[in-house]
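# A closer look at the structure
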Amino acid sequence: MSKVARLVNMFARRLQIQERMTSQIARAIEEKIAPQGVGVIVEARHLCMQMRGVEKQHGQAVTSAMLGAFRDKQANADEFLALVGKKQ
């Protein structure tokens, strides 16, 4: 699991949008270990939302990327989302 945290940190350090980062994490996992499917969910609090603009202190954005078996079969995606406690 420490490798996943390192992978996330590697992509999170780059200046980019959350949606792209989520997709990059999923593709990197898919390329390195070639699983049947990859599901990635990123929940992030954005300082730009908390400190400026809307000043929403508990505002967060959630993005997801599904590849392989999670993209091809809805039942797999539903099971994954249920396990992590998210609804579509």
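Scroll up to find the structure.
Description of the structure in this document.

### Let's talk about the overall build of the chain
- Across its full length, the chain holds five helices and two strands.
- Residue pairs in contact within the chain that sit at least 24 positions apart in sequence constitute 42% of those at least 6 positions apart.
- Summed over all atoms, the accessible surface of the chain reaches about 6800 Å², with 53% contributed by carbon and sulfur.

### Topic: the nonpolar core
- Counting residues in each nonpolar core, the largest one holds 12 residues, listed as Leu7, Phe11, Met21, Ile25, Ala26, Ala28, Ile29, Val38, Val40, Val42, Ala65 and Leu67.
- Among the secondary structure elements, those contributing two or more residues to this core are helix H1 (2-12), helix H2 (18-33), strand S1 (37-45) and strand S2 (60-68).
- The biggest single contributor to this core is H2, with five residues.
- Residues within four places of Ile29 in sequence aside, it is in contact with Leu7, Ala34, Pro35, Val38 and Val40.

### Here we look at the side chain of Gln24
- Mapped onto the elements of the fold, Gln24 is located in helix H2.
- Contact partners of Gln24, with chain neighbours within four places excluded, come to Phe11, Arg14 and Gln16.

### So, the environment of Arg20
- Mapping Arg20 onto the fold places it in helix H2.
- A C-alpha to C-alpha distance of 9.5 Å links Arg20 and Ala65, two positions 45 residues apart in sequence.

### Brief notes about the packing of aromatic side chains
- Tallying each qualifying case throughout the model produces one aromatic pair.
- Between Phe70 and Phe80, the aromatic rings sit 5.2 Å apart at their centres with planes inclined by 50 degrees, giving tilted as the arrangement. Of this pair, Phe70 sits in helix H4 (residues 69-72) while Phe80 is found in helix H5 (residues 74-84), placing the two residues 10 residues apart along the sequence.
- Look at Phe80 and you get buried, because its relative accessible area is 16%.

Basis of the calculations
- Throughout, residues of each chain are indexed from 1 in the direction in which the sequence is written.
- Local features in a predicted model are, by the rule used here, given only for residues with pLDDT of at least 70; side-chain atom pairs are given and counted only at 80 or more, and totals for whole chains, interfaces and linings are based on all residues.
- Hydrogens are left out, water is left out, and the side-chain values use all remaining heavy atoms of the structure.
- Secondary structure counts use DSSP, requiring at least four H or I residues in a row for a helix and at least two E residues in a row for a strand, with both numbered from the N terminus.
- Contact criterion: two residues are considered in contact whenever any of their non-hydrogen atoms come within 4.5 Å of each other.
- Every accessible area reported is derived by Shrake-Rupley at a probe size of 1.4 Å, with residue values counting cover from the shown protein chains alone.
- Residue types Ala, Val, Leu, Ile, Met, Phe, Trp, Tyr and Cys, when buried and joined through side-chain atoms within 4.5 Å, form a set referred to as a nonpolar core.
- The buried label applies to any residue whose accessible area, calculated with a 1.4 Å probe on protein chains only, is under 20% of its type's maximum; exposed applies above 50%, and partly exposed to all values in between.
- For this analysis, a ring pair means two rings from Phe, Tyr or Trp (six-membered ring only for Trp) whose centres lie within 6.5 Å, classed as stacked if their planes differ by under 30 degrees, edge-to-face if by over 60, and tilted for the remaining angles.

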